[in-house]
Amino acid sequence: MNESAKETILTLLAGAKGPVSGEELCRRLGVTRAAVWKVIDQLRREGWAVEARPRSGYRLEHPGRVLTEGLIAPLLNTRQLGRNLIVLEQVDSTNRYLKEHASALPDGTAVIARCQTAGRGRMQREFYSPAGEGLYLSVLLRPRLEAGRAALFTVAAAVAVAQALEAWGVCPQIKWVNDLLLGERKICGILTEAAVEMESGRLEYLIVGIGVDLWGRREDLPEPLRQVAGSCLSEAGVEVDGPRFAAGLLARLEALTGEPFEQQPLLEQYRQRLCVLGQRARLISPGREEEVTILDLDDDAALIVRDGAGRIKTVNAGEVSLRPNRRKEDER
């Protein structure tokens, strides 16, 4: 039994309002009951909770956590983004997949994976992305913009995720430049990568990778992440429907990045959700940390900060931490 049969059964079980009989599954797949049972057994070994009810059929626990093309595609309300939709059971990185295949894929291609084995965040960090806990999505864009404005697509992605979650009653804040928080816990990371035409300095393409933890439990996180990461379920008690959330996110991202690209309304949406303005923070870049006060955001989404010597400067790279410097506290 191949992967398409497994996806078909998952889609049928997730889309059903009640149990689906073994007879119906056999009919839809054109296979025997033994073959259906083999797929059900495989799904269980992969972590899906499939209940078998005598004289009733099969029922899937947490159907809203199933992300298949058959469930997402009918919900899409976009002109282009996600219309070429690729859903993978497992991949090393959705961003890397798009980079490897960019030349052969149309603008607006979206790749979703149930699991990433080598997900990446900013500053070459690993992005924890196990099966069944979140949405791991990358989109391929070919905007007509100068390379220097690529950072605005990270801004757009952050706003789109926030808007999509707000539709479910989950109201995150954005921590410059690419993290979404519920309380003090990170629930989403974004990684934007670009290819640039050297002669013109224009973008050849952009890949925007988004990882949102929807259903993870704190106790299942690796120890280093247990103190800082969370999910919509653990922090807000909300069971987000994955296919509807994915479709809503793609629609909002298309609205924010389509032509004409409206920079100022986007930045205002971003600024409204930004949790760092007016805050004392640590500004972290490779090999350097400094304490700053964050004053404002400029028109390129860079931070305007005041450093410890009272100098005002613009920061367009690095990372902001609002957490205390534990090492310095320990030295006191």
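It should be noted that the structure appears before, not after, this text.
Predicted, not measured: the structure shown is a model, and the values here were computed from it. (Residues numbered from 1 in each chain as written. Predicted model: local features only at pLDDT ≥ 70, side-chain atom pairs only at ≥ 80, totals over all residues. Heavy atoms only, no water.)

Let us now look at helix α2 (residues 22–29). Where α2 is concerned, the buried positions are Gly-22, Leu-25, Cys-26 and Leu-29. Relative to the axis of α2, the buried residues are bounded by an arc of 100° and lie together on one face. In α2, the exposed positions that point more than 90 degrees away from the buried face belong to Glu-23 and Arg-27. Of the surrounding elements, those touching the buried residues of α2 are α1 (3–15), α3 (33–45) and β2 (57–60). Downstream of α2 by a residue or two, Gly-30 has a phi angle that is positive, lying close to 70°. (Buried < 20%, exposed > 50% of the residue type's maximum accessible area, 1.4 Å probe, protein only. Helix = DSSP H or I, 4+ residues; strand = E, 2+ residues; numbered from the N terminus. Arc of directions from axis to C-beta. Contact = heavy atoms within 4.5 Å.)

With antiparallel pairing, 5 strands are arranged side by side in an open sheet as β13-β12-β11-β10-β14. With one partner strand each, in any of the chains shown, β13 (312–315) and β14 (319–321) form the two edges of the open sheet. Each adjacent strand pair in this sheet contributes to an overall mean axis angle of 50°, direction not counted. As judged from the 5 bridges shared by strand β11 (residues 288–297) and strand β12 (residues 303–307), these two strands associate in the antiparallel manner. Residue pairing in the sheet places Thr-293 in a bridge with Arg-306 of β12. (Pairing = 2+ DSSP bridges. Axes fitted to C-alpha atoms, helices over the stretch in contact; angles between N-to-C directions.)

Right, let's get into the sheet that holds strand β7 (residues 179–182). Taken in spatial order, the 7 strands of this open sheet run β3-β4-β5-β9-β8-β7-β6, and their pairing is mixed. At either end of the open sheet lies a strand with only one pairing partner, and these are β3 (85–88) and β6 (173–175). Pairs of neighbouring strands in the sheet enclose a mean axial angle of 20°, with direction left out of account.

None of the figures reported here should be taken as evidence of function without further support.
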